[in-house]
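# Structural overview
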Amino acid sequence: MTSEAGPGEVGERRNVSDAVGVVVLGACATWSLITATVHEGRPEGVLLAVLAVAAGYAVGRICGALLPVAAPCAGALAGLGLAVAVPHLAPGPQIVAPLGHAGATAALLTLCAGAACCAAWAAESSAGRFAMGALAAGITVAAAVLGSTSGFFTCTVVVLCSLAAGRMRSRGAGIAGLALTAALVTCLTWAVAGNALPEGLTASLEGQLTPHRIQLWQDALHLAHRNAALGVGPERFGELSTTAARTLLSDGKPHSALLQQAAEQGVVGVGLLGASFCWVLHALWRSPRPTPVVLTAGAALTAIAAIAAVGNALSFTAVSVGAGLLAGLATARPLADESPQPEVDARPRGDRLTP
């Protein structure tokens, strides 16, 4: 279940993935600046999210190389502590619970469960695997105790996917399945916003998502249709959405990363958001880590993509950093795996050194 590629091929894979990541994240930052300049928007939120993902990914690569078991374990415990100690996951004083904090808590707990499962697969001893598995189960139970129904569901899915990943010999099929799942959630979100689903299914989903959220989605889709090329500019949805304007204590967001990108940055912004997720899957596919680690991290990140498609999770810095950290941990090559170069015993022979 480990990578069979040689050192040269692994190095080439990492270089390609890193280059793609630099281009994609750089394009996301650049396009936000362009759309903000055209429409007098505020790109700081997008730039902060890009920086958070990049920083988390870099830290994950470094820590994953040095401490392939301890690093994800520490990350899982830190995330769990943050979810318990700071339930709102938002800076500054809060008079009431901010809209969308439930999705952020679910996303953070999902990342913690994924990191614990990755640590379990990376552990060499059975005792270590049992301890990390117990941590993942404990995080899932904690989600239920904290009242995060969606977090309990996604943590359970990640744990089950991690168990299934241990029986998979090829990671390609697993990565393709994760991509298909994300695409289905994306299409479903867009269809709900466009009222393109059967009436019975729409009514059922409306009961789960709330009419207010769906009205925000419809406003975002309307703005996207009117400004398909460049969008209305970063952080301008709250100014132009009639639903947000009528909402008391509105945070000015449509509570869907997909529809927010469509409304504020146009089709190019949607394409860059999709490219970012595809880059993560590509990096996992090229990762030198064992297949169970790769697919577990992929399942957790796909769950984050699903939560972000129907919520406001990516607006919280802790979630963006955690997603980048988990991706970095799952794509790092532990230093212990580096095969040492064979030593050559050079002996003098005449006037030259020969082996």
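Located above this text is the structure these notes cover.
Before going into details, it helps to say that this report is about the structure given with it. (Residues numbered from 1 in each chain as written. Predicted model: local features only at pLDDT ≥ 70, side-chain atom pairs only at ≥ 80, totals over all residues. Heavy atoms only, no water.)

Before going further, it helps to spend a moment on the nonpolar core. If you look at the biggest cluster of nonpolar residues, it comprises 61 residues, and the most contacted ones within it are Ile139, Leu284, Leu301 and Leu326. The greatest single-element share of this core, amounting to 14 residues, is contributed by helix H4 (residues 101-122). In contact with Ile139, other than residues within four places in its own chain, are Ala76, Leu80, Leu109, Cys112, Ala113, Ala116 and Cys155. Among the nonpolar cores identified, the runner-up in size contains 17 residues, and Val192, Leu197, Ile214 and Trp217 belong to it. (Core = buried A, V, L, I, M, F, W, Y, C linked by side-chain atoms within 4.5 Å. Buried < 20%, exposed > 50% of the residue type's maximum accessible area, 1.4 Å probe, protein only. Helix = DSSP H or I, 4+ residues; strand = E, 2+ residues; numbered from the N terminus. Contact = heavy atoms within 4.5 Å.)

Time to look at the environment of Cys118. Structurally, the position occupied by Cys118 is in helix H4. Cys118 gets classed as buried once you look at its relative accessible area, which sits at 5%. With 45 residues separating them along the chain, Cys118 and Cys73 place their C-alpha atoms 8.5 Å apart. In this structure, Cys118 is in contact with Val293, Thr296, Ala297 and Leu326, ignoring residues within four places of it in sequence.

So, about a nonpolar patch on the surface. Nonpolar side chains collect at one region of the surface, where Ile62, Leu66, Leu67 and Leu335 lie side by side and expose about 410 Å² of accessible area between them. For Leu335, the position within the fold is in the loop between helix H14 (317-331) and strand E1 (347-349). (Patch = residues over 30% accessible without salt bridge, like charges linked within 9 Å, V, L, I, M, F, W, Y side chains within 5 Å. Areas by Shrake-Rupley, 256 points an atom, 1.4 Å probe, with all protein chains shown as cover. Salt bridge = Lys/Arg side-chain N within 4 Å of Asp/Glu carboxyl O.)

Geometric values such as these leave the question of function open.
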